[in-house]
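Read off the chains here:
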Amino acid sequence: MMKINFINKIALLSLLFIAVSCDDDAFLELEPETFLTVDNVFTSGAQVEQLVLTMYQQDRALHGYIDNNQGRVMYGQGTDVFTVPTFRQNTNFSDYNSTITPNAGRLNNIYADLYQMISRANLAISLAEQESMPFQSDEAREYVIAQSKFFRAKAHGQAAELFGRVAIVDQPTTTVRFDYEQSERSEIYQFAINDLESILNDLPVTTNEPGRVVRGAAQHFLSEFYLGLGIETGSEAAYDQSIKYASDLIDGGMYFLMENRFGSRADEPDKNVYWDLFRLNNINYADGNTESIWAYQFDYDAYNAGDEGARLALPYYLSPVWRAIEGVIGEDEYTGGRGVAFLRPTDLTETIIWDPSISDGDIRGDESNIRRTVYYNDPNYEGGTKVGEVVPQDELDAANEGLADGAYFPIYEKFTTDQFEGLEDGERRQNIWRDDYVIRLPETILLRAEAKLRKGDAQGAADDINIIRRRAQCNVLATPGMVDLDFILDERARELFGEESRWNTLLRMGGTIASDRIRKYAKYDYQRSSLTFDFNTFPIPQTVIDRNKDVVWEQNPGWAGR
């Protein structure tokens, strides 16, 4: 009940505050449509707490709402792990002459979302710091400030990862401004780090409200942003701090990898603990999942109460079109629901990383988690005589050709279920209402591995990677000679496919890593042929450069004139 109350609050109260917490510049360029102001809307700490809830909603909308174009970008569309079938090429984000440019609407929306969150956070902080604003207790006031600074730090750090040299905004804006200054990427990381370090003791270690940020989430992002700072500056001290905060989280006695079957479906045969990690009611720490650090909340009751964003539409967008295969009913529990393949795995995530030479025995890639074998299931096909037989490969190839290449691919069980909710209310098998990880312990372990590698400790990096590979029951353990940044990125793909924000990871890593990986693993020639330069940031949206007309903003290298 606590969880439902939390997300219903988000659904029902967020609209009230849109008028007073919009993107600074966009909002301030409009004529006010009401007489609502900060002074007369926010008269109690409880109202400021509701403003904090809108940040949770917005963060979930940016990273967890795959229904919009920017949501699919955040899932990794156009990277080395996700592409689209050719029949959806017009929706892709991988052409560097058209869809990835300073004028790309999707990039402008991502940038605007990040800075709208910063704007809301600044407003909440300024209100909570007013002594005249009544809160139930000093602790409640401090928790509002801590959550707001967390979101301000997260948004700044991720803006630096994606866009590089952008602005630090640390105060509410009360007048129209055209003079925000660019800051260096390293300065933005440091600002985010300072915010996070200032609130560590004000965030709870655990929470009775699933979905609320806890201290472990701040420690994780401290490790990530210190790692980014080290990459930008070459500072070994920054790498040491990245390792420290990761170790505080990994070795602090609070979080552990799930090693054994768990949850309500733990007794089902032919499954494993990795499969359990993605089942309904298994996602949160409060569910007994000790590797869950922070999760977005999705709930059918909240969805019915009006929170459109409370549905997780992964089966629809990330599942293949198996119904195109003759003799296969394609919209049922067996096929993981109604897949329409807006995104599909690249060859890297479909086959390459699962080669037995590197992944022998790995449960993450076995049939229980990546379903590659297709069985006839239509009782009306050839009189039902084929039901239960394996569909031959030539028929699968024929179905794929009929779909203009790329709509048939394996079913990734982490993106779907065989227990759909809402069918009695007319819902189709295309949404699920399980929660979704924002941070899971293996990602923190892989951050520490990367920091160790960048410091020259390949043995330490291999040891960390093997913590994860042992849980995966992989027969091939990493050795120091095997571990480089590409190996770490491959391991992230094996463990975190569809969970991490892959663009943030690739761009944060600096150098030519992003462009090299995309050229190597892009599925289609048009993506490779349009990528004629190296980059480690997105372009700054041209609207941002134009808006800041009273100062000079420089476009990121490689993007000017595109």
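Note: the structure precedes this text.
Residues numbered from 1 in each chain as written. Predicted model: local features only at pLDDT ≥ 70, side-chain atom pairs only at ≥ 80, totals over all residues. Heavy atoms only, no water.

### A look at the packing of aromatic side chains
Any aromatic ring pair is given by two values, namely how distant the centres are and how the planes are angled relative to each other. Counted according to the given criterion, the structure contains 39 aromatic pairs. Seen in terms of ring centroids, Y226 and Y245 are 6.0 Å apart; in terms of plane orientation they differ by 10°. Their pairing is stacked. Taken as a pair, Y226 in helix 9 (residues 215-233) and Y245 in helix 10 (residues 236-250) lie far apart in primary sequence, 19 residues in all. Each ring, one from Y274 and one from F278, has its centre 5.2 Å from the other, and the planes form 65°; the classification is edge-to-face. Residue Y274 shares its accessibility class with F278, and that shared class is buried. Cluster of aromatic residues (ring-pair linked, three or more members): F93, Y96, Y111, Y115, F163, W503, F533, F535, F538 and W559. The ring centre of F342 lies 3.8 Å from the NZ or CZ of R88, which sits over that ring. (Phe/Tyr/Trp six-rings, centres within 6.5 Å; stacked < 30°, edge-to-face > 60°. Helix = DSSP H or I, 4+ residues; strand = E, 2+ residues; numbered from the N terminus. Buried < 20%, exposed > 50% of the residue type's maximum accessible area, 1.4 Å probe, protein only. Lys NZ or Arg CZ within 6 Å of the ring centre and 35° of its normal.)

### Some points on the environment of T233
Mapped onto the fold, T233 is located in helix 9. Remark: the alpha-carbon pair of T233 and N475, spanning 242 residues in sequence, is separated by 37 Å. Polar contacts involving the side chain of T233 include one to the main-chain amide nitrogen of S235, which spans 3.3 Å. (Polar contact = N/O pair within 3.5 Å; in protein donor to acceptor, adjacent residues only side chain to side chain.)

### Regarding a negative patch on the surface
Negative charge collects at one region of the surface, where D138, E139, E142 and D202 lie side by side. Structurally, the position occupied by D138 is in helix 7 (residues 138-163). For D138, a relative accessible area of 54% corresponds to the exposed category. (Patch = residues over 30% accessible without salt bridge, like charges linked within 9 Å, V, L, I, M, F, W, Y side chains within 5 Å. Areas by Shrake-Rupley, 256 points an atom, 1.4 Å probe, with all protein chains shown as cover. Salt bridge = Lys/Arg side-chain N within 4 Å of Asp/Glu carboxyl O. Lys, Arg positive; Asp, Glu negative; His and termini not counted. Charge placed at Lys NZ, Arg CZ, Asp CG, Glu CD.)

### Things to note about unusual backbone geometry
Trans peptide bonds make up the majority, and among non-glycine residues the majority have a negative phi. Even without glycine at this site, N281 takes up a positive phi of about 65°. Relative to the assigned elements, N281 resides in the loop between helix 11 (273-276) and strand 2 (292-296). The exposed category is assigned to N281, whose relative accessible area is 51%. The phi torsion at E382 lies on the positive side, around 50°, for a residue other than glycine. Within the element layout of this structure, E382 appears in the loop between strand 4 (370-371) and helix 16 (393-402). E382 gets classed as partly exposed once you look at its relative accessible area, which sits at 45%.

### Examining the pattern of salt bridges
In total, this model carries 49 salt bridges according to the counting rule given. Note that R492 is salt-bridged to E443, the shortest N-O span being 2.8 Å. In this pair, R492 sits in helix 19 (residues 485-496) while E443 sits in helix 17 (residues 441-454), placing the two residues 49 residues apart along the sequence. When sorted by exposure, R492 lands in the same class as E443, which is buried. For R508, the salt bridge goes to E450, with nearest N and O atoms at 3.0 Å. A residue pair is termed long-range when its members are at least 10 positions apart, and R508 in helix 20 (residues 502-508) and E450 in helix 17 qualify at 58 residues. Both residues of the pair, R508 and E450, belong to the buried class. The network of salt bridges with shared partners includes E291, D362, R364, K414, R440, R469, R471, E491, R494, E495 and E499.

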